[in-house]
Amino acid sequence: MLWLGFGGRSEFVASNGPYSPVVYVSGWLALLGLAAATVLTTGFFGSMMSNTAKRAIIRGGMRRGR
């Protein structure tokens, strides 16, 4: 969205290069945003799975009387 919002796509389509810094900066910002979203999503779901596994282990131990 950053790439589109700052005019990166319109300038990219309009010229054959070399491109202005607007295209490069907005493109890199968009790429960094996607990478950050991927890392944060993976971390969030990993912690949720870990917490679920811990609760299942605790529940299993309580059922066995430990």
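Residues numbered from 1 in each chain as written. Predicted model: local features only at pLDDT ≥ 70, side-chain atom pairs only at ≥ 80, totals over all residues. Heavy atoms only, no water.

**Examining the overall build of the chain**
Then step 1. Counting its regular elements, the chain contains three helices and zero strands.
Then step 2. The order of α-helices and β-strands along the chain, N terminus first, is α-α-α.
Then step 3. A buried classification covers 6% of the 66 residues belonging to the chain.
Then step 4. With the model as given, the accessible surface of the chain reaches about 5,600 Å², and the carbon-plus-sulfur share is 71%. (Helix = DSSP H or I, 4+ residues; strand = E, 2+ residues; numbered from the N terminus. Buried < 20%, exposed > 50% of the residue type's maximum accessible area, 1.4 Å probe, protein only. Areas by Shrake-Rupley, 256 points an atom, 1.4 Å probe, with all protein chains shown as cover.)

**Regarding the packing of aromatic side chains**
Then step 1. Considering all chains together, one arrives at one aromatic pair under this definition.
Then step 2. Ring plane angle 75 degrees and centroid distance 5.2 Å describe the contact between phenylalanine 44 and phenylalanine 45, whose orientation is recorded as edge-to-face.
Then step 3. The partly exposed category is assigned to phenylalanine 44, whose relative accessible area is 46%. (Phe/Tyr/Trp six-rings, centres within 6.5 Å; stacked < 30°, edge-to-face > 60°.)

**Notes on helix 3 (residues 21–63)**
Then step 1. Relative to the 63 Å expected for 43 residues at 1.5 Å per residue, helix 3 spans 63 Å between its end C-alpha atoms, a close match to the ideal helical length.
Then step 2. Here helix 3 has its buried residues at Val23, Ser26 and Gly61. (Expected span 1.5 Å × (residues − 1).)

**Some points on the confidence of the model for the chain**
Then step 1. Taken as a whole, the chain shows an average pLDDT of 80; of its residues, 77% reach a score of 70 or greater.
Then step 2. Mean pLDDT values over the elements of the chain span from 59, in helix 1 (residues 2–5), up to 88, in helix 3. (pLDDT = per-residue confidence, 0-100.)

**Structural notes on a nonpolar patch on the surface**
Then step 1. On the surface, a nonpolar cluster with roughly 360 Å² of combined accessible area is contributed by Tyr24, Trp28 and Leu31.
Then step 2. By secondary structure assignment, the location of tyrosine 24 is in helix 3. (Patch = residues over 30% accessible without salt bridge, like charges linked within 9 Å, V, L, I, M, F, W, Y side chains within 5 Å. Salt bridge = Lys/Arg side-chain N within 4 Å of Asp/Glu carboxyl O.)

**Digging into the environment of valine 22**
Then step 1. Here valine 22 lies in helix 3.
Then step 2. It is 8.5 Å that separates the C-alpha atoms of valine 22 and glutamate 11, two residues lying eleven residues apart in sequence.

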